[in-house]
Amino acid sequence: MRISNILLMVIFPVTAFAEWETNMPRGVTPTSEVAYDLHMLIFYITVVIGILVFGAMLYSIIYHRKSLGHEPAKFHESTKVEIIWTVIPFIILVGMAVPATKALIMMEDTRDSEITLKVTGYQWMWQYEYLEDNVTFFSKIDTESNTARRLNSGVDVKNVNNYLRNVDNAIVLPINTKVRILLTANDVIHAWWVPELGGKKDAIPGYVNELWVDIQEPGTYRGQCAELCGKDHGFMPIVVHAVSKPEYYKWVGIQKTNKVAKNK
Amino acid sequence: MSTNIDKLHDDHHHTPTGIMRWITTTNHKDIGSMYLWFSLIMFFVGGLMALVIRAELFQPGLQLVVPGFFNQMTTMHALVMIFGAVMPAFVGLANWQLPIMIGAPDMALPRLNNWSFWILPFAFTMMLSTLFMDSGGPAAGWTLYPPLSLQGGDSFPYTILAIHMLGLSSILGAINVIATILNMRAPGMTLMKMPIFVWTWLITAFLLIASMPVLAGAVTMLLTDKFFGTMFFTASGGGDPVMFQHIFWFFGHPEVYILILPAFGIVSTIIPAFSRKRLFGYDSMVYATASIALLSFIVWAHHMFTVGMPLAGEIFFMFTTMLIAIPTGVKVFNWVATMWRGSMTFETPMLFALAFIVLFTIGGFSGLMLAMVPADFQYHDTYFVVAHFHYVLVPGAVFAILAAVYYWLPKWTGKMYNEGLGKLHFWLTTIFVNLTFFPMHFVGLAGMPRRIPDYAVQFADFNAIASVGAFGFGLSQLVFVYILFNTLKKDVTAEDKVWDGAEGLEWTLSSPPPYHSFEEAPKVD
């Protein structure tokens, strides 16, 4: 078990943590990894500060109480101490700002991408366009989840395959390839987010935002819309299949054949 | 608490009785009490909405409400709690406490005071009435982001007008606070001798005056976009949806400090009283409060790191946001230093103040994490954010309000509350508040977005815990209501100086204080 989980369990003692995910996923892209590392760095820093501050408080609460006959001291200021606890936090903050800024500059650098995927948010589905490979399709929640999620549908959602996290048409992306994702929306603001591929970005009407992913491991990664976009905001999942490059081009070929077949 | 004031009422001063007394009153204590009762009612109204949310989220799948109504609940819960519960509670405390803390007979502008309170019930009647309209209430979140908010139905203009009225009430209240503090202090009470609660309210009042008109402007632009064809925020007409977010958060971030600075003042008053030791670093507390207020105007875009700002903008707002940790840290360290080598006792107000320090600091820690832009791309709009702002607002602002009520209730009424019940209320509240909000950190980090009525099954366990906690928290507040009525039934027995460690002019007055507080200004050395 990760140290972070043990720490979280100490803070919040619940006996059975076996299946319970308590932390941010490390993810499978360079951007998700820097976000995770930064998250853990700051988490540990705050834990240390918390132990010191709350420890001092607890000591004082235990020993400096009237019931033990403790007489109040008279001091009520100390310029020296106050300067120290202004300067030390500042130094800690600089120590956090440096890696955060480096990570941010890396995350915002979308140059030299091989593939561009344009994502358009709609109420309530996504449209995907592979700009180089000329593949376009819509992607919305799969029928099974969509039926089960109705008010009093009578379906036990625990038996639904990937409840609320499955779509009719999934995105396919090649691994070890820098993919630039362009984001926009057609009606209201949405946000495209797959936690294991890194952070989210808003899809805004009239704007084209940028994001990049470089998936290191093949697999299926799931996410959903993260900006309130109306009544079915909770029902806009995203599914990404990450595959090897040859498999990706095979998939592109099939999409094109289907398109040609459809147009005939 | 009102009946006793009647008895002590000056003979030459004839006021109406019954309901007309409350409608026409210009007395700071009457108005303060009305603000506090109003806030308590709204706390339960907003709380019921929260329970609708938590009941629906108890299990995955939709069992109780449709998604559209769920969104109305999240939107209204926030509006009611912010503008109806927390802000009026602080204004109520200001009304009761400012005059008796600075040695004044009343607030500087009593008629304005009456008006600023009486706007509130009308504004909230209008806002809550939207829930009964065909289109339903506002459902785009309390932040009212366009274009989604522009899809609202007939209830939209009612919400906007209600927000205008609430803003008006806040601005009038803030003007009154500033006029009172700057003009009516007892001779000898220089600015740097004012009680710290007065200082925090003075700074809060300036924040209100600066930020509320910005909100009024933003919602007016929404209104004209919807009904008069302006295209301020509509991309297809050359407008910019992101600009609304910039304007909104230019109001919204100072608003966050409006909700917490008076709480800092309360905790800085209570910790010394029960540590029997002067507040450590009074001057640096004042400067820290002022710096937080100034910084609050240059950090707004940290609420919107994911809108695709330029890199330079993201770095600027990350750095300024991190800077806020310094004055906030100074405050926390000063509180601990005040307790250090004191002679502490743990009555209910002190318990709430101590829990405030610990739990608010946890909220501060998650705030620092949220300031890190690369990590924020993951945290943004998840339950991690929900956990963060509830930690600073519930065990933050709400605990400070409860601490203040327990601390000053014997002064206001001349009656001592039941200490055992107070402690019971404290422990129930503290346990359940953590049970409710701590698991939200976990589901947020694990990937659950906020403002969704239904979720994937891997989030089920923590959501169930949070829902149990929320119902426990709600029920525990009934203990508080019982304590209030139980106290009001008692006879006047409280001493003038209720707490042996308490300092300040209010403790030189009788309990309850006379109708016109200080008829003659006290002399402050």
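Residues numbered from 1 in each chain as written. Chains lettered and ligands numbered in written order. Predicted model: local features only at pLDDT ≥ 70, side-chain atom pairs only at ≥ 80, totals over all residues. Heavy atoms only, no water.

A. Expanded view of the overall build of chain B. The helix and strand inventory of chain B stands at 17 helices and 0 strands. Taking 2.2 N^0.38 as the reference for a compact globule, 525 residues should give roughly 24 Å; the C-alpha atoms of chain B span a radius of gyration of 23 Å, in line with that estimate. If one aligns the C-alpha atoms of chain B with their principal axes, the spans along those axes are about 65 × 50 × 45 Å. Each of the 525 residues in chain B was classed as buried or not, and the buried ones make up 68%. Across chain B, the fraction of contacts at a sequence separation of at least 24, relative to all contacts at a separation of at least 6, is 82%. With an accessible surface of roughly 16500 Å², chain B has 70% of that area assigned to carbon and sulfur atoms. When the 22 positive and 28 negative side-chain charges of chain B are each reduced to one mean point, those points stand 8 Å apart. (Helix = DSSP H or I, 4+ residues; strand = E, 2+ residues; numbered from the N terminus. Rg over C-alpha atoms; globule rule 2.2 N^0.38 Å. Buried < 20%, exposed > 50% of the residue type's maximum accessible area, 1.4 Å probe, protein only. Contact = heavy atoms within 4.5 Å. Areas by Shrake-Rupley, 256 points an atom, 1.4 Å probe, with all protein chains shown as cover. Lys, Arg positive; Asp, Glu negative; His and termini not counted. Charge placed at Lys NZ, Arg CZ, Asp CG, Glu CD.)

B. Quick look at the overall build of chain A. Assigned secondary structure in chain A consists of 5 helices and 10 strands. For 264 residues, the compact-globule formula gives about 18 Å, and the C-alpha radius of gyration of chain A, at 25 Å, lies well above that figure. Its C-alpha atoms give chain A principal-axis dimensions of roughly 90 × 50 × 35 Å. The buried share among the 264 residues of chain A stands at 49%. Summarising the internal contacts of chain A: among those between residues at least 6 apart in sequence, 65% fall at separations of at least 24. As displayed, chain A offers around 12600 Å² of accessible surface, 59% of which is attributable to carbon and sulfur atoms. Counting 26 positive and 27 negative side-chain charges, chain A places the averaged centre of each group 2 Å from the other.

C. Region of the structure containing the packing of aromatic side chains. Across all of its chains, the model carries 56 aromatic pairs over all chains by this definition. On the basis of an interplanar angle of 90° and a centroid distance of 5.1 Å, the ring pair of Phe-352 of chain B and Phe-399 of chain B is categorised as edge-to-face. In this pair, Phe-352 of chain B is assigned in helix H13 (residues 348-371) and Phe-399 of chain B in helix H15 (residues 383-413), connecting sequence segments 47 residues apart. Phe-399 of chain B shares its class with Phe-352 of chain B; the two are buried. One residue, Arg-149 of chain A, lies across the ring of Phe-235 of chain A, its end atom 4.0 Å from the ring centre. (Phe/Tyr/Trp six-rings, centres within 6.5 Å; stacked < 30°, edge-to-face > 60°. Lys NZ or Arg CZ within 6 Å of the ring centre and 35° of its normal.)

D. The arrangement of the side chain of Ser-32 of chain A in detail. With respect to the element layout, Ser-32 of chain A can be found in helix H2 (residues 30-63). Within the structure, Ser-32 of chain A has its side chain in polar contact with the backbone oxygen of Thr-29 of chain A (distance 3.0 Å). Apart from the residues lying within four places of it in its own chain, the contact partners of Ser-32 of chain A are Arg-26, Gly-27, Pro-195, Glu-196, Leu-197 and Gly-198 of chain A together with Gln-378 of chain B. (Polar contact = N/O pair within 3.5 Å; in protein donor to acceptor, adjacent residues only side chain to side chain.)

E. Quick peek at the interface of chain A and chain B. If you look at the interface, chain A gives 90 residues, while chain B gives 100 residues. With both sides pooled, the region where chain A packs onto chain B buries about 8100 Å², and carbon together with sulfur makes up 72% of that total. For the pair chain A and chain B, the interface holds 1 salt bridge. Residue Asp-500 of chain B is joined to Lys-66 of chain A by a salt bridge in which the shortest nitrogen-to-oxygen separation is 3.8 Å. Linking chain A with chain B are 24 residue pairs in polar contact (both at pLDDT 80 or more). Residue assignment for the side of chain A that touches chain B shows that the elements contributing at least two residues are helix H1 (3-11), H2, helix H3 (79-107) and strand E7 (201-203) of chain A. Looking at which element gives the most residues to the side of chain A that touches chain B, the answer is H2 of chain A, with 16 residues. (Buried area = accessible area lost by both parts, 1.4 Å probe. Salt bridge = Lys/Arg side-chain N within 4 Å of Asp/Glu carboxyl O.)

F. Fine view of the sheet that holds strand E9 (residues 219-224) of chain A. All names here are of chain A. Spatial ordering of the open sheet is given by E4-E10-E9, a layout of 3 strands whose pairing is mixed. The sheet terminates laterally at strand E4 (171-174) and E9, the two strands that pair on one side only. Taken over all neighbouring pairs, the strand axes of this sheet differ in orientation by 25° on average, direction set aside. Sheet topology places E4 next to strand E10 (residues 237-243); 4 bridges connect them, and they run parallel. Paired with Leu-173 across the bridge in E10 is Ala-242. (Pairing = 2+ DSSP bridges. Axes fitted to C-alpha atoms, helices over the stretch in contact; angles between N-to-C directions.)

G. Quick look at the side chain of Thr-110 of chain A. All names here are of chain A. Inspection of the secondary structure assignment puts Thr-110 in the loop between H3 and strand E1 (115-122). A polar side-chain atom of Thr-110 sits 3.2 Å from a polar atom in the side chain of Glu-210. The contacts of Thr-110, once residues within four sequence positions are left out, are Lys-178, Arg-180, Glu-210, Leu-211 and Trp-212.

H. Fine view of a nonpolar patch on the surface. Where nonpolar side chains cluster on the molecular surface, the patch consists of Leu-58, Tyr-59, Ile-62 and Tyr-63 of chain A together with Trp-340 of chain B and spans about 500 Å² of accessible area. One can find Tyr-63 of chain A in helix H2. (Patch = residues over 30% accessible without salt bridge, like charges linked within 9 Å, V, L, I, M, F, W, Y side chains within 5 Å.)

I. Seen up close, the state of the cysteines. Residues and elements named next belong to chain A. With the rule as written, the count across this model stands at 0 disulfides over all chains. With no disulfide of its own, Cys-229 lies 3.9 Å from the sulfur of Cys-225, the closest cysteine sulfur. Residue class for Cys-229 comes out buried when judged on its relative accessible area of 0%. (Disulfide = S-S within 2.5 Å.)

J. The sheet that holds strand E2 (residues 125-130) of chain A, seen in detail. All names here are of chain A. A sheet is described by the order of its strands in space; here 5 strands give the open sequence E3-E2-E1-E5-E8, paired in mixed fashion. Looking at which strands have only one partner, the edges of the open sheet turn out to be strand E3 (135-139) and strand E8 (209-213). For this sheet, the mean angle separating the axes of adjacent strands, direction not counted, is 20°. Strand direction decides the pairing type here: strand E5 (residues 179-185) and E8, joined by 5 bridges, are antiparallel. By the bridge assignment, Leu-183 is partnered in E8 with Asn-209.

K. Molecular detail of the packing of helix H4 (residues 67-102) of chain B against helix H7 (residues 196-227) of chain B. Residue and element names in this part refer to chain B. The N-to-C vectors of H4 and H7 enclose an angle of 140°; their axes lie 11 Å apart at closest approach. The angle between the axes of H4 and H7 places the two elements in the oblique class. When you trace H4 past H7, the crossing you get is left-handed. Of the residues in H7, those touching H4 at Phe-83, Met-87, Phe-90, Val-91, Leu-93, Ala-94, Gln-97, Leu-98, Met-101 and Ile-102 are Phe-197, Val-198, Trp-201, Leu-208, Met-212 and Leu-215. In the contact of H4 with H7, the residues fall into 15 nonpolar, 1 polar and no charged. (Parallel < 35°, antiparallel > 145°, perpendicular 65-115°, else oblique. Left-handed = near helix turned anticlockwise from the far one by under 90°. Nonpolar A, V, L, I, M, F, W, Y, C, P; charged D, E, K, R; others polar.)

L. Up close: the nonpolar core. Grouped together as the largest cluster of nonpolar side chains are 220 residues, with contacts concentrated most on Phe-83, Trp-201 and Phe-356 of chain B. In this view, Phe-356 of chain B contacts Ile-260, Ala-263, Phe-264, Val-267, Trp-335, Thr-361, Pro-395, Gly-396, Ala-397, Phe-399 and Ala-400 of chain B; residues no more than four positions away in its chain are not counted. Within the second largest apolar cluster, 39 residues are counted, among which are Leu-173, Tyr-221 and Tyr-248 of chain A together with Ala-140 of chain B. (Core = buried A, V, L, I, M, F, W, Y, C linked by side-chain atoms within 4.5 Å.)

M. Highlighting the confidence of the model for chain A. Residue and element names in this part refer to chain A. In this model, chain A carries a mean pLDDT of 90, and residues with pLDDT of at least 70 account for 92%. Here H1 stands out as the element of chain A with the lowest mean pLDDT, 57, in contrast to strand E6 (residues 190-192), whose mean of 97 is the highest. Contacts from residues 13-18, a stretch scored under 50 in pLDDT, to residues over four places away or in other chains number 7 contacts. (pLDDT = per-residue confidence, 0-100.)

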